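Each chain is listed here by its residues.
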Protein chains: 2
Amino acid sequence: MKNRNTIQGALILEKVKNLKGHACAEEIYEAVTHEHPNISKATVYRNLNRLSEQGQIHKIEVPGSPDNFEFRTVLHYHVKCERCGRIFDVDMPYNHHLEDHIANKHGFIFTGHDIIFKGFCPDCQKDLHKKHNY
Amino acid sequence: MKNRNTIQGALILEKVKNLKGHACAEEIYEAVTHEHPNISKATVYRNLNRLSEQGQIHKIEVPGSPDNFEFRTVLHYHVKCERCGRIFDVDMPYNHHLEDHIANKHGFIFTGHDIIFKGFCPDCQKDLHKKHNY
DNA sequence: CTGACTGCAAACTCTTTGCAAACCA
DNA sequence: TGGTTTGCAAAGAGTTTGCAGTCAG
């Protein structure tokens, strides 16, 4: 039940730590591949999930997009571009007490929340302007 | 480009309207099957997506769960049980101006947001109490 | 030694798509 | 008729899982 130190696990954690923002499993897989070409994608998924269960990294689940992972100390929200599907950070303080405002909890135990904003990123705004095909 | 009135489309819209809460495509497919046994799942998906694009119904996208659909007039939020994965409505007023509080919009155009709370539903709390296997 | 971890491939879930036939206007 | 919609099956994306071999403690 306890962790073993494997090269793969260490590399994956390191890659996520060195990310500026977030990346999906595929991107992390590619980054690790450079140093450890034989790694399997299943191992990347297993390590990412293990690390996020242990709270060492954070998994951002966004519908319709692959899961993203990031190493962070401060919780924050994300926005998904409705056109290109990319995920960006949102510059808004995390509200730790949002669930306190729920009127009738119906016996639910609330453990947290995610907010996913929708919108159009600058790149896609340019494209839409040009192409008028939306 | 304009809609045709098909039996399938009418049945699907009716089923969603008659839902008390939300249901996923699979559940709607099963409901429609009772009256129209030959319907294909692809048709259900196509109609649900069409209806939600036209704003006649609303699609709730939740990471890790199948998309849910509902007929509603008032926007609201949802909570996903971390154990059974079911989706429930949350008793909290929708904040239409949440995106106004974003400090630096980085050129993004925000069009809306979803909040997905996490927690444990009453049923699963009972189970956890009993089984202690979480 | 022994259980945890790995690599590989296959399985899985949910959803979309290609295509010919059926259908509505 | 002519463009939509349907049913079917196959494809697709992302992720998980079964299994035998490998490795850390």
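Please read these numbers as outputs of a predicted model, since none were measured by experiment. (Residues numbered from 1 in each chain as written. Chains lettered and ligands numbered in written order. Predicted model: local features only at pLDDT ≥ 70, side-chain atom pairs only at ≥ 80, totals over all residues. Heavy atoms only, no water.)

## Side note on the sheet that holds strand β2 (residues 58-60) of chain B
Residue and element names in this part refer to chain B. Read across the sheet, 3 strands follow the order β1-β3-β2 without closing on themselves; strand pairing throughout is antiparallel. Strands at the two margins of the open sheet, each flanked by one partner only, are β1 (23-24) and β2. Here 3 bridges tie β2 to strand β3 (residues 68-70), and the two strands are oriented antiparallel to one another. Residue pairing for β3: Ile 60 is matched across the bridge by Asn 68. (Pairing = 2+ DSSP bridges. Helix = DSSP H or I, 4+ residues; strand = E, 2+ residues; numbered from the N terminus.)

## Quick word on the interface of chain B and chain A
Counting residues at the interface gives 34 residues for chain B and 34 residues for chain A. Surface buried jointly by chain B and chain A totals about 2,900 Å² across both partners, of which 64% is contributed by carbon and sulfur atoms. Inspection of the chain B/chain A interface yields 3 salt bridges. One salt bridge connects Asp114(B) with Lys118(A), and the closest N-O pair in it is separated by 3.5 Å. For the interface between chain B and chain A, the tally reads 16 residue pairs in polar contact (both at pLDDT 80 or more). Looking at the side of chain B that touches chain A, the elements with two or more residues in it are β4 (77-81), β5 (87-90), β6 (109-120) and α4 (122-131) of chain B. (Contact = heavy atoms within 4.5 Å. Buried area = accessible area lost by both parts, 1.4 Å probe. Salt bridge = Lys/Arg side-chain N within 4 Å of Asp/Glu carboxyl O. Polar contact = N/O pair within 3.5 Å; in protein donor to acceptor, adjacent residues only side chain to side chain.)

## Describing the UniProt feature "binding site: Fe cation" (unreviewed entry) in chain A
Here the UniProt feature "binding site: Fe cation" (unreviewed entry) sits at His113(A). Structurally, the position occupied by His113(A) is in strand β6 (residues 109-120). Judged by relative accessible area, which is 4%, His113(A) ranks as buried. In this view, His113(A) contacts Tyr77(A), Tyr94(A), Asn95(A), Leu98(A), Glu99(A), Ile115(B), Ile116(B), Phe117(B) and Lys118(B); residues no more than four positions away in its chain are not counted. Of note is the side chain of His113(A), whose polar atom sits 2.8 Å from the side chain of Tyr77(A). (UniProt positions renumbered as here; feature names shortened; annotations may be inferred. Buried < 20%, exposed > 50% of the residue type's maximum accessible area, 1.4 Å probe, protein only.)

## Describing the relation of the copies chain B and chain A
Copies of the same chain, two in number, are related to each other by a rotation about an axis and a translation along it. Relative to chain A, chain B is turned by 179° and slid 0.0 Å along the rotation axis, the superposed coordinates differing by an RMSD of 0.2 Å. A rotation of that kind, with that shift, is consistent with a two-fold axis. Most of the interface of chain B is mirrored in chain A, where 100% of its interface residues are also at the interface. (Least-squares fit on C-alpha atoms with pLDDT ≥ 70 in both.)

## Considerations on helix α2 (residues 25-35) of chain A
All names here are of chain A. Those residues of α2 that fall on the buried side of the exposure criterion are Ala 25, Ile 28 and Val 32. For α2, the angular spread of buried residues about the axis comes to 65°, placing them on one side. Summarising the contacts, the buried residues of α2 are in contact with α1 (7-18), β1 (23-24), α3 (41-53) and β3 (68-70). (Arc of directions from axis to C-beta.)

## Digging into the packing of aromatic side chains
Applying the stated rule across the entire model yields 8 aromatic pairs over all chains. With centroids separated by 5.5 Å and ring planes inclined at 35°, the aromatic side chains of Phe108(A) and Phe110(A) adopt a geometry described as tilted. For Phe108(A), a relative accessible area of 9% corresponds to the buried category. Residues Phe110(A) and Phe117(B) carry aromatic rings whose centres are separated by 5.7 Å and whose planes lie at 85° to one another, so their mutual orientation is edge-to-face. Here Phe110(A) is found in strand β6, whereas its partner Phe117(B) is found in strand β6 on a different chain. Looking at Phe110(A), the relative accessible area reads 16%, which means it is buried. Among the residues examined, Phe117(B) registers a relative accessible area of 0% and is labelled buried. Following the ring pairs from residue to residue traces out a cluster consisting of Phe88(A), Phe117(A), Phe108(B) and Phe110(B). (Phe/Tyr/Trp six-rings, centres within 6.5 Å; stacked < 30°, edge-to-face > 60°.)

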